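Residue strings, one per chain:
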Amino acid sequence: MPVTHITAIQRKRFEVRGIVQGVGFRPFIYNLAQSLDLAGYVLNDSAGVIIEVQGSEDSLAHFQIRLGCDLPPLAQIDGLIIVDVPLGAEHDFTIRHSEVAEGEFVLVSPDVASCDDCWADSTSEDNRRWGYPFTNCTNCGPRYTIIRDVPYDRATTTMAGFTMCAECQAEYDDPRNRRFHAQPNACARCGPGLALVEHRDAALDPALVFSSGDQSREILAQVRGLLRDGKIVAIKGLGGFLLCCDAENDSAVRRLRKRKRRSDKPFALMAREVESVRAFCAVSADDLVALNSAARPIVVMERLPVTRISAAVAPGNDSVGVMLPYTPLHALLFGDSYGAEAKWPEFSALVMTSGNISEEPIVISNDEAWQRLGAVADWFLFHNRDIYMRVDDSVVRAFAGRTRLLRRSRGYVPRPIDLGFPMQEILACGAQLKNTFCLTKDRYALLSQHIGDLENYETMQFFEETLANLQKLFRVHPTIIAHDLHPHYMSTRFALDQPQTVKIGVQHHHAHIASCMAENGIRDKVIGVAFDGTGYGTDGQIWGGEFLVADFAGFERRAHLRYVSLAGGDTAVRQPWRSALSYLRETFGDRPLPADLPLWSGVPAKHIELVQAMLAQKINTVNTSSAGRLFDAVASLLGLRHAVNFEGQAAIELEMAARRHGDDEQTYPFEISSSDAWEIDLRPMIESIVRESSAGIAAGIIAARFHNTLAAVILEVCFRLRREEKLDRVCLSGGAFQNVFLLQRTVSALTREGFKMFLHSAAPANDGGISLGQAVIANAVARQAG
């Protein structure tokens, strides 16, 4: 008699944590359960996703395997709890309404560039979304910029006011459709629309009519016509307004630069496709990966020597930042066809720079744009989907096979950095320049988007607005606040004003090194090299050329660039010639200087005499070991830049000069003292630079030798520290290491000598990564204190 095998019915509960809301996770689970003939349900809750499945033992085993292997493209599982539960009465599988649990939080996906399917929908004449600029699905589109709260449902986004038409609702309800439970789902009949308005001095019409049906295509065609005519158009995008003009129209680019009050700082470009980018940039394989990534950041690449792009896009700069379209709205600005059958785009590239004035935050509302950008834009392209989170475009550079973040914002935020160990709930307030803040919860560090320089009321408002939003979204209630030691930073003042929290001050360069350690999963001591412009030291001086032996709990300053006296404080940052005078005085004292230095002809004699008197009498001077001011000094000595219009401009031009003579391997002499904290004396180098400049050696050759010397200094100090401390891991951090010429030489030299190198990629090496370091240091200090 045959034996019948009866498979027992079981029921399991899965509690899933990670990026599992707004990424098509519930539809994925629904279809997976259906394919395995499982009953039960899936729902979003305030901490992630809850799944209960009931069926045969084999089906449940397959479900668990595929749950880990076949995730939707944007999903990420960071935690999974599986328990057996009693059988239920269901005979089918359903998606239930979300549940809210007090105090729980869920990770939220960043905004994601449109997928190929949605590009095709918006550019195919036989598709009902042809020309519709807000096309998206579960695999792409807005997330962070529209979420007001979690769980992630349409009612908790800025799409709440748009009721889906019958066709969109059918897509939303169909498990076989890629728009199944896509919260921003819409079309021209039921979704957001466009409005094109010429700027006038009067207030914006509150009865503004937004497009429907085929009007979007007509409006976008009008915008293309305006751009061809040299007009400047303010375009409401995903995380804020962008100011746009034809990048080949020199007159339009210069007019935009003048109106935006941005004399030299490069503008970002957008091109429709990689082939367009190749017409004006050298695109490496690593650049290509970054350009095409779901984040669609601005990628900094080398500009070709001869192009049709206006030189005013990046004056005097060999590099340019370029991104590809990340929404259908942007793609349709280049024409209404896309893909293999597409016509050549109407523009090789468009300027796409942040919609703001000077250093103010990017504007996000229609009224705000009308008021603040009226003196810049000729026309405004509005839409009526509110932006809840203000987010700039991210900026990256490819190096050593990795994408390195220079500005972490759209496409990356709020994706967390998994630290791998539990954290107390901490707010780290970041630095003054390139500010971000960091919130921690469980094992996650949640960095804010780029806030900017905290030098005006509007940016500080943006800081507080974003902090309130992220605390609500992630249910974070900090009991510890970390801040920089500089007493005059706005971020420090904000931290000290907060009631009922423990305040922990963190030294700036220690935070730099800890940030690099944290993202690379290092917790033991390292040699930390922190080179940047300004950081308040524990001795009350301004640091910036530092060698630390550090872990999260503390650091020892083992070496630094020799102090020089700098006249004028912050004024010296804007006027590199002051740094040059400081180094000349330190190096030559009262000895005579060559009469043909570029400095003498580049700066009025009366200004030089005044600063020399200030240095001699120590009037309004500060002592600094800043690497940034050293770069400034050398750039001025070589006649490359005596005054700057944006941070790092002199160093950038010095790097560009060096790159033209990259085959020169000579170095200049330097000395290292044997004091407790070794002083690196670069006066011999400065004397050699002055002598060679006076002898007519090309500025580019001297610049290359200067960079070579700094790499040699770093190698020598690391050698000595390895010998004394028995450490071979080196973390490089600080804005100076955004200089690829210096970074290449430093990494090559240290790696060749057996050091293990750790660089930034998930957080910026500049002050945008400071808050991450502050957070892990504060956590370690608080735990150590008991």
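See the structure printed just above.
Once a new chain begins, its residue numbering starts again from 1 and follows that chain's sequence as written. Since the coordinates come from a predicted model, pLDDT governs what is reported: local features require at least 70, and pairs of side-chain atoms require 80 or more to be given and counted, while whole-chain, interface and lining totals use all residues. Side-chain numbers come from the whole structure's heavy atoms, not from hydrogens or water.

Engineer: Can you break down the overall build of the protein residue by residue, with the values?
Structural biologist: Strands here mean DSSP runs of E at least two residues long; helices mean DSSP runs of H or I at least four residues long; both are numbered from the N terminus. Looking only at helices and strands, the protein features 23 helices and 29 strands. In summary, the protein has a C-alpha radius of gyration of 28 Å against a globular reference of 28 Å for 786 residues, a match within 12%. Dimensions of the protein, computed from the C-alpha atoms along their principal axes, are close to 105 × 65 × 50 Å. A burial count over the protein gives 60% of its 786 residues as buried. Sequence separation of 24 or more characterises 72% of the internal contacts of the protein that already satisfy a separation of 6 or more. Residues scored as charged are limited to Lys and Arg (positive) and Asp and Glu (negative), so that His and the chain ends carry no count. Just so you know, the charge point we use is NZ for Lys, CZ for Arg, CG for Asp and CD for Glu. Here the protein carries 81 positive and 94 negative side-chain charges, and the mean point of each set is 2 Å from the other. Only C-alpha atoms enter the radius of gyration; for comparison, a globular chain is expected to reach 2.2 Å times N to the power 0.38, where N is the number of residues. The rule is simple: take the accessible area with a 1.4 Å probe, protein chains only, and divide by the maximum for that residue type; under 20% is buried, over 50% is exposed, in between is partly exposed. Note on contacts: a residue pair is in contact if any heavy atoms of the two residues lie within 4.5 Å.

Engineer: So what about the packing of aromatic side chains? Which residues, and what values?
Structural biologist: Only Phe, Tyr and Trp rings take part, Trp by its six-membered ring, and two of them pair if their centres are within 6.5 Å. Stacked means planes under 30 degrees apart, edge-to-face means over 60, and tilted covers everything else. All chains considered together, the criterion is met by 17 aromatic pairs. Taking 6.4 Å as the distance between ring centres and 85° as the angle between the ring planes, the aromatic pair formed by W543 and F555 counts as edge-to-face. Of the two residues, W543 is situated in strand β22 (residues 542-550) and F555 in strand β23 (residues 555-561); the sequence distance between them amounts to 12 residues. Given a relative accessible area of 1%, W543 falls into the buried group. By relative accessible area, F555 is classed as partly exposed at 26%.

Engineer: Before we move on, can you summarise the sheet that holds strand β3 (residues 48-56) with the specific residues and values?
Structural biologist: Strands are treated as partners if at least two bridges between them are detected by DSSP. Taken together, the 5 strands give an open sheet; going across it, the order is β4-β1-β3-β2-β5, and neighbouring strands pair in mixed fashion. Edge positions in the open sheet fall to β4 (76-84) and β5 (93-95), since each of these has one partner strand only. Neighbour to neighbour, the strand axes of the sheet diverge by 15° on average, direction disregarded. Across the face of the sheet, helix α2 (residues 57-69) comes into contact with β1 (9-19), β3 and β4 while running at roughly 150° to β3. Inter-axis angles, ranging from 0 to 180 degrees, are taken between N-to-C directions of lines fitted to C-alpha atoms, where helices are fitted over the stretch in contact.

Engineer: Help me get a handle on helix α5 (residues 215-228), residues and values and all.
Structural biologist: Multiplying one less than the number of residues by 1.5 Å gives the expected span of a helix. In this model α5 runs 20 Å from its N-terminal to its C-terminal C-alpha over 14 residues, within 8% of the 20 Å that 1.5 Å per residue would give. Turning to α5, its buried residues number three or more, namely S216, R217, I219, L220, V223, R224, G225, L226 and L227. Check the buried side of α5 and you find it contacts β6 (194-198), β7 (233-236), β8 (241-246), α9 (328-332), β13 (350-354) and β14 (379-383). Looking at the residues trailing α5, positive phi occurs at G230, about 85°.

Engineer: Outline the sheet that holds strand β17 (residues 417-428), listing residues and values.
Structural biologist: Each strand in a sheet pairs with another by means of backbone hydrogen bonds, the pair being arranged parallel or else antiparallel. Strand order across the open sheet formed by 4 strands is β18-β17-β19-β20, with mixed pairing between neighbours. Single-partner strands in this sheet number two, and they are β18 (438-447) and β20 (502-506). Along the sheet, successive strands turn relative to each other by an average axial angle of 60°, direction set aside. Of the strands in this sheet, β17, β19 (480-484) and β20 are in contact with helix α12 (residues 490-497), which crosses β19 at around 155°. Packed onto the sheet, helix α23 (residues 770-785) meets β17, β18, β19 and β20 and runs at close to 85° relative to β17.

Engineer: Kindly report on unusual backbone geometry, identifying the contributing residues and their values.
Structural biologist: Cis geometry is found at the peptide bond from V413 to P414, where omega equals 10°. Look at A400: it is not a glycine, yet its phi comes out positive at around 55°. Tracing the chain through its elements places A400 in the loop between β15 (395-399) and β16 (402-407). A relative accessible area of 59% places A400 in the exposed class. Phi is positive for Q500, which is not a glycine, with a value near 55°. Looking at the secondary structure, you find Q500 in the loop between α12 and β20.

Engineer: Which residues make up the side chain of D551, and what values do they have?
Structural biologist: Summarising the element assignment, D551 is placed in the loop between β22 and β23. Polar contact criterion, stated in full: a pair of N or O atoms within 3.5 Å, where within protein one must be able to donate a hydrogen and the other to accept it, and residues adjacent in sequence count only if both atoms are side-chain atoms. Polar contacts involving the side chain of D551 include one to the main-chain amide nitrogen of A553, which spans 3.1 Å. For D551, the side chain forms a polar contact with the main-chain nitrogen of G554, separated by 3.0 Å. With sequence-adjacent residues up to four places away left out, D551 is seen in contact with H510, M517, R523, D524 and K525.

Engineer: Summarise the pairing of β8; cite the residues concerned and give the values.
Structural biologist: Note on strand geometry: in a regular strand, side chains alternate between the two faces of the sheet. Most of β8 sits out of view: 6 of its 6 residues are buried. Hairpin connection between β7 and β8: a loop of 4 residues separates the two successive antiparallel strands, and G240 in this loop has a positive phi of roughly 160°.

Engineer: Outline the nonpolar core, listing residues and values.
Structural biologist: Within soluble globular proteins, side chains that are nonpolar tend to cluster in buried spots. Think of a nonpolar core as a cluster: buried Ala, Val, Leu, Ile, Met, Phe, Trp, Tyr and Cys residues, connected wherever their side-chain atoms sit within 4.5 Å. Of all hydrophobic cores here, the largest spans 99 residues; its most connected members are F25, I51, F63 and L381. Top contributing element to this core by residue count: helix α11 (residues 457-474), with 7 residues. Once residues lying within four places of it in the same chain are set aside, the contact partners of L381 are L194, A195, L196, I219, L220, V223, V233, A234, I235, K236, F241 and L329. V644, I689, I714 and L759 belong to the second-largest nonpolar core, a separate cluster that totals 71 residues.

Engineer: Please give an account of the pattern of salt bridges that cites residues and values.
Structural biologist: Only one rule defines a salt bridge in this text: a Lys or Arg side-chain nitrogen within 4 Å of an Asp or Glu carboxyl oxygen. Summed over all chains, the structure comprises 47 salt bridges. Among the salt bridges present, the one from E171 reaches R128, with a minimum N-O distance of 3.2 Å. Placement of E171 in helix α4 (residues 166-173) and of R128 in the loop between α3 (116-123) and α4 is noted, with a sequence separation of 43 residues between them. Among the ionic pairs, D664 bridges to R705, the shortest N-O distance being 3.2 Å. You can see D664 sitting in the loop between α19 (649-659) and β26 (671-672) and its partner R705 sitting in helix α21 (residues 699-725), a full 41 residues away along the chain. Exposure remark for D664: the relative accessible area of 14% places this residue in the buried category.

Engineer: Can you break down the packing of helix α18 (residues 627-637) against α21 residue by residue, with the values?
Structural biologist: For the pair α18 and α21, interaxial distance at closest approach is 11 Å and the crossing angle is 155°. For the element pair α18 / α21, the angle class is roughly antiparallel. At the point where α18 passes α21, the crossing takes the right-handed sense. Facing α18, whose interface residues are L630, F631 and V634, α21 presents F706, H707 and L710. An angle counts as roughly parallel when it lies under 35 degrees, as roughly antiparallel when it exceeds 145, as roughly perpendicular when it falls between 65 and 115, and as oblique in every other case. In this scheme, a crossing is called left-handed if the near helix is turned counterclockwise away from the far one by less than a right angle; it is called right-handed if the turn is clockwise.

Engineer: Can you explain the side chain of N44? Please cite residues and give values.
Structural biologist: For N44, the location among the structural elements is in strand β2 (residues 39-45). Ignoring anything within four residues of it in the chain, the contact list for N44 reads V20, Q21, R26, V49, S98, E99, P151, Y152 and D153.

Engineer: Any details on the environment of S688? Residues and values, ideally.
Structural biologist: If you trace the backbone, S688 turns up in helix α20 (residues 683-694). The class for S688 is buried, based on a relative accessible area of 5%. The sequence separation of S688 and Y668 amounts to 20 residues, and the corresponding C-alpha distance is 6.8 Å. The contact partners of S688, leaving out residues within four places of it in the chain, are Y668 and P669. Within the structure, S688 has its side chain in polar contact with the backbone oxygen of P684 (distance 3.0 Å).

Engineer: Before we move on, could you go through the environment of A331 and cite the residues and values that matter?
Structural biologist: By the element assignment, A331 lies in helix α9. Of the residues examined, A331 reaches a relative accessible area of 4% and is grouped as buried. For the pair A331 and W119, spaced 212 residues apart in the sequence, the C-alpha separation amounts to 8.2 Å. For A331, the contacting residues outside a window of four places in its chain are W119, R272 and P325.

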